[in-house]
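What follows is the residue order along each chain.
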Amino acid sequence: MINLITQYCRQGGNILMSGAFLGEMLRAKSQFNADILKLNHFRKITDKTIDQIHGLGRTVTIPRYPNEKFYTVSSTEVLYPAAQAFPVLAYTGTNESATVAWKGERYRTFVLGFPFEAILSDSDRANIMASILAFLF
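Residues numbered from 1 in each chain as written. Predicted model: local features only at pLDDT ≥ 70, side-chain atom pairs only at ≥ 80, totals over all residues. Heavy atoms only, no water.

Scanning the protein for helices and strands turns up four helices and nine strands. Traced from its N-terminal end to its C-terminal end, the protein shows the element sequence α-β-α-α-β-β-β-β-β-β-β-β-α. For 137 residues, the compact-globule estimate of 2.2 N^0.38 gives 14 Å, and the C-alpha radius of gyration of the protein, at 14 Å, lies within 12% of that figure. Over its C-alpha atoms, taken along the principal directions, the protein stretches across nearly 40 × 30 × 25 Å. A sequence separation of at least 24 residues applies to 60% of the contacts in the protein between residues at least 6 apart. Accessible surface for the protein amounts to roughly 7200 Å². Of this, 53% is attributable to carbon and sulfur atoms. (Helix = DSSP H or I, 4+ residues; strand = E, 2+ residues; numbered from the N terminus. Rg over C-alpha atoms; globule rule 2.2 N^0.38 Å. Contact = heavy atoms within 4.5 Å. Areas by Shrake-Rupley, 256 points an atom, 1.4 Å probe, with all protein chains shown as cover.)

The next subject is the sheet that holds strand S1 (residues 15-18). Two pairing modes exist for strands in a sheet, parallel and antiparallel, and in both the strands are linked by backbone hydrogen bonds. Taken together, four strands build an open sheet; the order of strands is S1-S9-S8-S6 and the sheet is mixed. Single-partner strands in this sheet number two, and they are S1 and strand S6 (86-87). Bridge count between S1 and strand S9 (residues 108-112): four bridges; the pairing is parallel. Pairing of Ile-15 across the sheet is with Thr-109, part of S9. Here helix H4 (residues 122-136) sits on the sheet in contact with S1, S6, strand S8 (99-103) and S9, set at roughly 155 degrees to S9. (Pairing = 2+ DSSP bridges. Axes fitted to C-alpha atoms, helices over the stretch in contact; angles between N-to-C directions.)

Note that Trp-102 resides in strand S8. In the structure, Trp-102 is positioned 89 residues away from Gly-13 in sequence and 13 Å away in space, judged by C-alpha atoms. When sequence neighbours within four positions are dropped, the list of residues in contact with Trp-102 reads Lys-38, Ala-83, Gln-84, Ala-85, Phe-86, Tyr-107, Arg-108, Thr-109 and Phe-135.

Looking now at the side chain of Arg-64. Turning to its location among the elements, Arg-64 is positioned in the loop between strand S4 (58-61) and strand S5 (76-81). Only 3.4 Å separates the side chain of Arg-64 from the backbone oxygen of Asp-47, close enough to count as a polar contact. A polar contact is formed between the side chain of Arg-64 and the backbone oxygen of Val-73, at a distance of 2.8 Å. (Polar contact = N/O pair within 3.5 Å; in protein donor to acceptor, adjacent residues only side chain to side chain.)

Written as structure tokens, this is what we have:
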């Protein structure tokens with residue numbers, strides 16, 4: 001998968017990645033993280049009271065505790081940008097980066113330290129996705 005993503009990006013393909021355990025999955029892939037995704041490293045957030053993310057003119061909520069209606073985000077991660085990458089959204093309360101974006105000459109990346117689909121509000125999800133797509137394309 002890493003080889004395919006690397007090839008895709010180097011050929012000019014933009015990429016959006018999100019997930020609850022993204023950092024854990026990519027922990028051993030530091031070269032890929034730095035060279036392709038433009039991330040220095042990740043740090044897991046264990047405090048379940050951190051359930052809001054702000055940026056792009058919005059504050060959105062993600063469910064952190066089990067419930068019967070929504071996907072529970074049991075793990076979120078702070079993302080540290082590599083050179084020339086930048087944070088876009090931050091966790092409310094800590095102001096640490098929840099997303100990292102990068103715009104290169106050949107491709108662009110947008111990486112979220114939480115599952116995108118967990119944003120509770122349909123309108124917030126739609127507006128944030130519109131902003132992400134405008135950046136990527």
